[in-house]
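Remarks on the overall topology
Each chain is listed here by its residues.
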Amino acid sequence: MIWNEKFETMPREEMRKWQGEKLREMVERVYYNVPFYRKKLQEINIQPEDIEGIDDLARLPFTSKTDLRDNYPYGLFAVPMSEIIRIHASSGTTGKPTVVGYTRRDIALWSEVVARILTSAGVERDDYIHVAYGYGLFTGGLGIHYGSEKVGATVIPISAGNTKKQLQLMEDLGSTVLACTPSYALYLAETIEELNIDRNRLKLRVGIFGAEPWSDSMRKKVEERLNIKAIDIYGLSEIIGPGVASECEYQDGLHINEDHFIPEIIDPETLEVLPPGERGELVFTTVTKEGLPLLRYRTGDLSRLVYEKCRCGRTLVRMEKCLGRSDDMLIIRGVNVFPSQIESVLLEMGETEPHYRLIVDRENNLDVLEVQVEVGDQFFSDEIRKLEQLTNKIRKNIESTLGIGVKVKLVEPKTFERCEGKTTRVIDRRKLD
Amino acid sequence: MIIKQLSVFLENKAGRLTELTGILGNAGINMTALSIADTSEFGIIRVVVSDPEKALQILKEHNFSVNLTDVVCLMTENQPGALARALELLSAERISIEYMYAFSIGERAFIIMKTEDINRTIELLRKNNIELLKADELYNM
Ligand SMILES: [Zn+2]
């Protein structure tokens, strides 16, 4: 099923024409309504009427997360506050949160794009959607909520927390769709096993997982343990929240709703646009949003774009599953390390729990990475020798994946907090000095 | 003859062992024998208790990584050479010992051991008239 045939299967030339028109309208709006953008555009001598088509996008200035912070809270809004009907915010790891605002039309647009991603995941009006994303300033809960209502499915706005009660309600109410972060999905699976709940009493068939990077091997694990199809969705509050992109049933890249959010891939160093298919930093321009339109917003996420038509019939460009946000990327002794790479190694080995934490420190001017891994009952041997062998095996596998030396430490189960929001997997002590 | 021994994974951090013994104590579970094997990073507590299944359940509830391991308990005279004889038998049959620990009460010495093949071990020791403690005897000692 396709929610919006017109846009989701639009021929490429037509899409480019649409994007060009919308881009011109957007540049006009930000030029006259957002002093920050007017100044930037004037600096490079661009007037709104200079925008003739989508090819002019590459001439426009970038926007960074820092720009949002510098203009905290409402500085980049393009409409008077009386037009804003909703605020969301994402918690920053450092300093102030990023505040985003939506007009009534933005909320309608958001519902539309979430309805599209739900439909591409196979959700229909007969479904019961268990929304275990947090409700509140975080866009996850309310974003999925409005889109589900738009589809006409039955929304169960359970929000986050109280896992046992969640499972009880999931069974009683007959939830068929689970929407949450992948790490919470895994935690639910563990709890089901711990409580010996008969999986057949649950009607779950599909999961809509996003808000944190996760690997394909983690997907396999979640699919096996929950016996569902796990769909990866992508979104960030600066762009709109969930609804920016999502996989279809073929799980082969995430279709971007590019009639609203135009993607580009740039080289993060030179800032040059890279040719299709090359991997680089993902950048979005929100051409239709009213409240907070952003020109060439640098997401920090690394991905690549695939323009070939998908088997599902959609022509919307696909982005490769993100390895991780660059915020998550660690540079250790000059090597880029993503936590998801370590997760993949652990899941592929299957000899520990896939729960880990990375501790980065600096000893004698040298970066050291310690990987702490939880030992599960099923894997725990009571022989020191075997545990040491396991530690060495994990270390060797991680080292061959990352290309740098690491230290591996086994820790007791449930050492790392499981939470419904984003899980803290990295402690970087180098920044504390 | 097979004894169910609890094996618990512990990180080397202060207070964890105290916590473990406290939990068992509060549950009315008695410890008969205990040994600790450790490296600089972690330790393994091996303990024989009055009610292994119950202890396993309770420790799991408290988020310990724990499982039950099959071991045997030999009983010998508390005098030089008694243990050596048992070990020679195992060595002659090429049954390797993973680990062992011992305690003595008066005239008697008790040796708890895990070998690579617990059934063959039991068979061999019995055939050679080495006394093995029954599980219940050890649990309730
Ligand atoms: Zn598709």
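This structure is a prediction, so every number in the text was calculated from the model and none was measured.

**Thoughts on the overall build of chain A**
- When its secondary structure is counted, chain A shows 11 helices and 20 strands.
- Whereas a compact globule of 433 residues would reach a radius of gyration of roughly 22 Å, chain A reaches 22 Å, a difference of no more than 12%.
- Considered along the principal axes of its C-alpha atoms, chain A spans approximately 75 × 55 × 40 Å.
- Per-residue burial over chain A gives 59% buried out of 433 residues.
- Expressed as a percentage of contacts within chain A between residues at least 6 apart in sequence, the contacts between residues at least 24 apart total 66%.
- As displayed, chain A offers around 18300 Å² of accessible surface, 47% of which is attributable to carbon and sulfur atoms.
- Averaged over its 59 positive side-chain charges, chain A has a centre that lies 1 Å from the centre of its 70 negative ones.

**What to know about the overall build of chain B**
- A tally of helices and strands in chain B yields 5 helices and 7 strands.
- Along chain B, helices (α) and strands (β) appear in the sequence β-α-β-β-α-β-α-β-β-α-β-α when read from the amino end.
- Since a compact globule built from 141 residues should have a radius of gyration of about 14 Å, the 16 Å found for chain B is in line with a globular shape.
- The buried share among the 141 residues of chain B stands at 48%.
- Sequence separation of at least 24 residues holds for 70% of the intrachain contacts in chain B that already meet a minimum separation of 6.
- For chain B, the accessible surface area stands at approximately 6900 Å², while carbon and sulfur atoms represent 46% of it.
- The centroid of the 14 positive side-chain charges in chain B is displaced by 2 Å from the centroid of its 19 negative side-chain charges.

**Notes on the interface of chain A and chain B**
- Contacts between the two partners involve 19 residues from chain A, matched on the other side by 24 residues from chain B.
- Counting each side, the surface lost to burial between chain A and chain B is near 1800 Å², with a carbon and sulfur contribution of 51%.
- Broken down residue by residue, the surface that chain A buries against chain B is led by Phe380, Asp382 and Glu412 of chain A, which jointly contribute 38%.
- Remark: the boundary between chain A and chain B carries 6 salt bridges.
- Residues Asp382 of chain A and Lys114 of chain B are paired through a salt bridge, measuring 3.1 Å at the closest nitrogen-oxygen approach.
- At the boundary of chain A and chain B, one finds 11 residue pairs in polar contact (both at pLDDT 80 or more).
- Residue composition of the side of chain A that touches chain B, grouped by class: 7 nonpolar, 3 polar and 9 charged.

**Looking at the coordination of the zinc ion**
All names here are of chain A.
- Every protein donor of the zinc ion is listed here as Cys248 (SG), His255 (NE2), Cys310 (SG) and Cys312 (SG), and their distances to the metal cover 2.1 to 2.3 Å.
- Here the zinc ion is ringed by 4 donor atoms whose angles at the metal span 104 to 114 degrees, and the overall shape comes out tetrahedral.
- If you list the donors of the zinc ion from N- to C-terminus, the spacing comes out as C-x6-H-x54-C-x1-C.
- Judged by its relative accessible area of 15%, Cys312 is buried.

**Here's the deal with the layout of surface pockets**
- Its volume calculated, the second largest pocket comes out at about 690 Å³.
- Around the second largest pocket, the lining comprises 25 residues; the ones closest to its centre are Glu190, Glu194, Asp377 and Lys414 of chain A together with Lys60 of chain B.
- Contributions of two or more residues to the lining of the second largest pocket are made by helix H7 (163–173) and helix H8 (182–194) of chain A together with helix H2 (52–61) of chain B.
- When residues of the lining of the second largest pocket are assigned to their parent elements, the largest contribution, 5 residues, is made by H8 of chain A.
- Here the lining of the second largest pocket is composed, by residue class, of 5 nonpolar, 8 polar and 12 charged.

**Digging into the sheet that holds strand E12 (residues 297–303) of chain A**
Residues and elements named next belong to chain A.
- One open sheet holds the 3 strands; their spatial order is E10-E11-E12, and the pairing between them is antiparallel. Here the strands that pair on one side only, and so sit at the sheet edges, are strand E10 (261–266) and E12. On average, adjacent strands in this sheet sit at an angle of 35 degrees to one another, irrespective of strand direction.
- As judged from the 4 bridges shared by strand E11 (residues 280–286) and E12, these two strands associate in the antiparallel manner. Paired with Gly280 across the two strands is Ser303, which belongs to E12.

**Some details on the domain arrangement of chain A**
- In terms of domains, chain A is made up of domain 1 (1–326) and domain 2 (330–432).
- Just the C-alpha atoms count here: the centres of domain 1 of chain A and domain 2 of chain A sit 30 Å apart.

**Some remarks on the environment of Ile359 of chain A**
All names here are of chain A.
- In this fold, Ile359 is placed in strand E17 (residues 356–363).
- On the accessibility criterion, Ile359 (7% relative accessible area) is buried.
- For the pair Ile359 and Val27, spaced 332 residues apart in sequence, the C-alpha separation works out to 44 Å.
- In this structure, Ile359 is in contact with Val368, Leu369, Glu370, Gln372, Ile427 and Arg429, ignoring residues within four places of it in sequence.

**Focus on a nonpolar patch on the surface**
- Residues Tyr74, Met81, Ile87 and Leu137 of chain A make up a contiguous nonpolar surface patch of about 350 Å² in total accessible area.
- You can call Leu137 of chain A exposed: its relative accessible area is 52%.

**Side note on the domain arrangement of chain B**
All names here are of chain B.
- Split into domains, chain B comes out as domain 1 (3–69) and domain 2 (71–139).
- Of note, the centres of domain 1 and domain 2, computed from C-alpha atoms alone, are 22 Å apart.
- Taken together, the contacts link 15 residues of domain 1 with 13 residues of domain 2.
- Counting each side, the surface lost to burial between domain 1 and domain 2 is near 1100 Å², with a carbon and sulfur contribution of 64%.
- Taken together, the links from domain 1 to domain 2 amount to 0 salt bridges.
- Between the two partners, domain 1 and domain 2, sit 6 residue pairs in polar contact (both at pLDDT 80 or more).

**Some details on the pattern of salt bridges**
- Using the criterion set out here, one finds 44 salt bridges over all chains in the structure.
- Measuring nitrogen to oxygen at the nearest pair gives 3.5 Å for the salt bridge that ties Lys407 of chain A to Glu41 of chain B. Here Lys407 of chain A is found in strand E19 (residues 407–411), whereas its partner Glu41 of chain B is found in the loop between strand E2 (31–38) and strand E3 (42–49) on a different chain.
- Counted as one network, the salt bridges with shared partners bring together Asp382, Glu383, Arg385 and Lys386 of chain A together with Arg46, Glu98 and Lys114 of chain B.

**Re the pairing of E19 of chain A**
- Taking burial as the measure, the 5 residues of E19 of chain A include 4 buried ones, the bulk of the element.
- Note that the unit made of strand E18 (residues 366–374) of chain A, helix H11 (residues 384–402) of chain A and E19 of chain A has a crossover that is right-handed.

**Examining the confidence of the model for chain B**
- When pLDDT is averaged along chain B, the result is 89, and 100% of the positions lie at 70 or above.
- In the predicted complex, the global pTM is 0.70; the interface-specific ipTM is 0.79.

Definitions and limits used
Residues numbered from 1 in each chain as written. Chains lettered and ligands numbered in written order. Predicted model: local features only at pLDDT ≥ 70, side-chain atom pairs only at ≥ 80, totals over all residues. Heavy atoms only, no water. Helix = DSSP H or I, 4+ residues; strand = E, 2+ residues; numbered from the N terminus. Rg over C-alpha atoms; globule rule 2.2 N^0.38 Å. Buried < 20%, exposed > 50% of the residue type's maximum accessible area, 1.4 Å probe, protein only. Contact = heavy atoms within 4.5 Å. Areas by Shrake-Rupley, 256 points an atom, 1.4 Å probe, with all protein chains shown as cover. Lys, Arg positive; Asp, Glu negative; His and termini not counted. Charge placed at Lys NZ, Arg CZ, Asp CG, Glu CD. Buried area = accessible area lost by both parts, 1.4 Å probe. Salt bridge = Lys/Arg side-chain N within 4 Å of Asp/Glu carboxyl O. Polar contact = N/O pair within 3.5 Å; in protein donor to acceptor, adjacent residues only side chain to side chain. Nonpolar A, V, L, I, M, F, W, Y, C, P; charged D, E, K, R; others polar. Donors = N, O, S within 2.8 Å, 3.2 Å for Na, K, Ca; no water. Tetrahedral: all angles 85-135°; square planar, octahedral: opposite > 155°, others 65-115°. 1 Å grid on protein atoms, 1.4 Å probe; cavity = no way out; pocket = protein on both sides within 12 Å on 5 of 7 lines; lining within 4 Å. Points joined across faces, edges and corners; volume = space filled by probe spheres on them. Pairing = 2+ DSSP bridges. Axes fitted to C-alpha atoms, helices over the stretch in contact; angles between N-to-C directions. Domains from an automatic or database assignment. Patch = residues over 30% accessible without salt bridge, like charges linked within 9 Å, V, L, I, M, F, W, Y side chains within 5 Å. Right-handed = clockwise from strand over helix to strand, strands pointing away. pLDDT = per-residue confidence, 0-100.

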